[in-house]
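# An overview of the molecular structure
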Amino acid sequence: NEREHVLIEGDQIDNVHSFVYLGSKQQCDGDDIADVKYRMDIAQAAFSSLYHMWNDHRLPLTMKLSLYCLAVCSTLAHACEAWDFTDEIRRRVNGFNSRCLQVITKQTYRETATNPQYDLVLAIRKRRLRYLGHILRMKPDRLVRRTLIAYVNGGLGAPTGSLLDDCEALPIEEGQRLNPV
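A brief report on the enclosed structure follows. Quantities reported herein were computed from a predicted structural model and do not represent experimental measurements.

Each value, and the rule that gives it
- Residues numbered from 1 in each chain as written.
- Predicted model: local features only at pLDDT ≥ 70, side-chain atom pairs only at ≥ 80, totals over all residues.
- Heavy atoms only, no water.
- Helix = DSSP H or I, 4+ residues; strand = E, 2+ residues; numbered from the N terminus.
- Buried < 20%, exposed > 50% of the residue type's maximum accessible area, 1.4 Å probe, protein only.
- Contact = heavy atoms within 4.5 Å.
- Pairing = 2+ DSSP bridges.
- Patch = residues over 30% accessible without salt bridge, like charges linked within 9 Å, V, L, I, M, F, W, Y side chains within 5 Å.
- Areas by Shrake-Rupley, 256 points an atom, 1.4 Å probe, with all protein chains shown as cover.
- Salt bridge = Lys/Arg side-chain N within 4 Å of Asp/Glu carboxyl O.
- Axes fitted to C-alpha atoms, helices over the stretch in contact; angles between N-to-C directions.
- Left-handed = near helix turned anticlockwise from the far one by under 90°.
- Nonpolar A, V, L, I, M, F, W, Y, C, P; charged D, E, K, R; others polar.
- Parallel < 35°, antiparallel > 145°, perpendicular 65-115°, else oblique.

With that settled, consider the overall build of the chain. Tallying secondary structure elements over the chain gives eight helices and four strands in all. Across the chain, helices and strands are ordered from the amino to the carboxyl terminus as β-β-β-β-α-α-α-α-α-α-α-α. For the chain, with 181 residues in total, the buried portion stands at 32%. Sequence separation of at least 24 residues holds for 57% of the intrachain contacts in the chain that already meet a minimum separation of 6.

Let us look at the pairing of strand β3 (residues 18–21). With four bridges joining them, β3 and strand β4 (residues 24–27) adopt antiparallel strand pairing. Bridge assignment links S18 to a residue of β4, and that residue is Q27. Remark: two residues form the turn of the hairpin made by β3 and β4, two consecutive strands paired antiparallel; L22 in that turn has positive phi of roughly 50°.

To continue, consider a nonpolar patch on the surface. Together, V16, F19, Y21 and L22 make up an exposed nonpolar region whose accessible area comes to about 460 Å². Within the secondary structure, V16 sits in the loop between β2 (11–13) and β3.

Moving on to the packing of helix α3 (residues 61–76) against helix α6 (residues 120–136). Orientation of α3 relative to α6, taken along the N-to-C sense of each, is 65°, at an axis distance of 11 Å. When you trace α3 past α6, the crossing you get is right-handed. Across from Y68, C73, S74 and L76 in α3, the residues of α6 making contact are L120, I124 and R127. Looking at the contact of α3 with α6 residue by residue, the classes come out as five nonpolar, one polar and one charged.

Checked against the element boundaries, Y118 lands in the loop between α5 (109–114) and α6. For Y118, a relative accessible area of 24% puts it in the partly exposed group. Taking the C-alpha atoms as reference points, Y118 and S98, 20 residues apart in sequence, are found 9.2 Å from one another. Setting aside its immediate chain neighbours within four residues, Y118 contacts Y68, C69, C73, N97, L101 and A123.

A few words on the pattern of salt bridges. Under the definition given, this model contains three salt bridges. The salt bridge partner of E81 is R127, with a shortest N-O separation of 2.8 Å. One end of the pair, E81, is in the loop between α3 and α4 (87–105); the other, R127, is in helix α6, and 46 residues separate them in sequence. The closest approach of N and O atoms between E88 and R92, which form a salt bridge, is 3.1 Å. Taken together, the residues span about one helical turn, with E88 and R92 both in helix α4 at a distance of four residues.

Here E9, not a glycine, exhibits a phi torsion of approximately 50°, which is positive. The topology assignment puts E9 in the loop between β1 (6–8) and β2. On the accessibility criterion, E9 (81% relative accessible area) is exposed. Notably, K106 is not glycine yet its phi reads approximately 65°, a positive angle. As for its position among the elements, K106 is in the loop between α4 and α5.

Two elements in contact, α3 and α4, have axes separated by 11 Å at closest approach and are oriented at 150°. When the interaxial angle is binned, α3 and α4 end up roughly antiparallel. The two elements α3 and α4 cross, and the hand of that crossing is right-handed. Only V93, F96, N97, C100, L101, I104 and T105 of α4 make contact with α3, whose side of the interface consists of L61, K64, L65, Y68, V72 and L76. Of the residues in the contact of α3 with α4, the class split is ten nonpolar, two polar and one charged.

Okay, structure coming up:
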């Protein structure tokens, strides 16, 4: 209430700390952990709703894991390309994955954390790299591509957890040559 309010056609818009937009939770401080927690809550609800499947001994493990990937992991990973995929967020995602896999596979938490049947952190990293490749293949005049190139060429270096985290050894110019427009 202390900050200025936005007016749209004379109507005052309330200032809020957080809101959900297109399935992602946005916070005024830009903290990505709030969105990750929000997505985990939704994914946990999906996982819990399928509890009878995880306990059904007639279903093979491969089918349960496929169902887990399709119904739970895809829910959690929605819009993960926008997260700063920091070590803390990776630990949270790995912990969530381990708890779920523990129920599905009946292995110990430690086993599912260190050697998971399905590596959700790796799947998210692959998804983020695929999105980065999509951006680099865009025409040079596209705003999102120009922004990424300016960000990299600005000399600031990519912050921890950015889309560029998994391709530090490859200069952006080389990535652009590998993905001609």
